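Take a look at the letters that make up each chain.
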Amino acid sequence: MSGVIGALAGYVLGVLVGWLLVSFFSGNRHDKSTEAVMTAFFVAGPLLAIIGLIVGLVRSVRQG
């Protein structure tokens with residue numbers, strides 16, 4: 001169960017962080033908002049969800 005919670009929390013955190021990073025640092029002037037949303041939902045979110053899943057699984061194994 002900890003793995004699922006970690007994955008969900010990681011996805012939400014990844015979407016927020018990815019969106020903020022692209023919004024502030026992208027030089028794209030034409031479709032910056034689309035780039036931010038697509039990167040957040042399809043790159044940063046899944047990447048942090050995988051990391052959150054691993055962290056959650058490791059924590060659940062260590063707790064017994």
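Structure first, text after, so check above.
As a convention, each chain's residues are numbered from 1 in the sequence order in which they are written. In keeping with the model being predicted, local features are shown solely for residues with a pLDDT of at least 70 and side-chain atom pairs are shown and tallied solely at 80 or more, while totals for entire chains, interfaces and linings include all residues. As a rule here, side-chain values come from all non-hydrogen atoms in the structure, and water together with hydrogens is ignored.

**Considering the overall build of the protein chain**
For step 1, the next point in the chain: Secondary structure elements follow DSSP: runs of H or I of four or more residues count as helices, runs of E of two or more count as strands, with numbering from the N terminus. Looking only at helices and strands, one finds two helices and zero strands in the protein chain.
For step 2, the next point in the chain: Throughout, the radius of gyration refers to the C-alpha atoms, and the reference size of a globule is 2.2 Å times the residue count to the power 0.38. Taken over C-alpha atoms, the radius of gyration comes to 14 Å for the protein chain, far larger than the 11 Å a tight globule of 64 residues would show.
For step 3, the next point in the chain: Buried residues in the protein chain amount to 25% of all 64 residues.
For step 4, the next point in the chain: Whether two residues touch is decided by their heavy atoms; if any such pair falls within 4.5 Å, the residues are in contact. In the protein chain, of all internal contacts separated by at least 6 residues, the share reaching a separation of at least 24 is 67%. Buried means the residue's accessible area, taken with a 1.4 Å probe over protein chains only, is under 20% of the maximum for its type, while exposed means over 50%, and partly exposed covers the values in between.

**Regarding the environment of glutamine 63**
For step 1, the next point in the chain: With respect to the helices and strands, the residue glutamine 63 is situated in helix H2 (residues 32-63).
For step 2, the next point in the chain: Spatially, the C-alpha atoms of glutamine 63 and lysine 32 are 44 Å apart, while their sequence positions differ by 31 residues.

**Focus on helix H1 (residues 2-25)**
For step 1, the next point in the chain: Here, expected helix span is obtained from the residue count minus one, scaled by 1.5 Å. Counted at 1.5 Å a residue, the expected span for H1 with its 24 residues is 34 Å, and the 33 Å between its end C-alpha atoms agrees.
For step 2, the next point in the chain: Taken residue by residue, H1 has Gly3, Gly6, Ala7, Gly10, Gly14, Val15, Gly18 and Val22 as its buried positions.

**Quick look at the packing of H1 against H2**
For step 1, the next point in the chain: Only C-alpha atoms enter the line fits that serve as axes; for helices the fit covers just the stretch in contact. Angles between N-to-C directions range over 0 to 180 degrees. Where H1 meets H2, the closest approach of the two axes is 5 Å, and the angle between their N-to-C directions is 150°. What the angle tells us is that H1 and H2 run roughly antiparallel. Relative to H2, H1 is oriented so that their crossing is right-handed.
For step 2, the next point in the chain: Classification used: nonpolar for Ala, Val, Leu, Ile, Met, Phe, Trp, Tyr, Cys and Pro, charged for Asp, Glu, Lys and Arg, polar for all others including Gly. The residue inventory of the contact of H1 with H2, partitioned by class, reads 17 nonpolar, twelve polar and two charged. Note on angle classes: values under 35 degrees are labelled roughly parallel, values over 145 roughly antiparallel, values of 65 to 115 roughly perpendicular, and the remainder oblique. A crossing counts as left-handed when the near helix is turned anticlockwise from the far one by less than a right angle, and as right-handed when that turn is clockwise.

**Focus: the environment of phenylalanine 41**
For step 1, the next point in the chain: On the secondary structure map, phenylalanine 41 appears in helix H2.
For step 2, the next point in the chain: Between the C-alpha atom of phenylalanine 41 and that of leucine 57, which follows or precedes it by 16 residues, the distance is 23 Å.
For step 3, the next point in the chain: Aside from chain neighbours lying at most four places away, what touches phenylalanine 41 is Tyr11, Val15 and Pro46.

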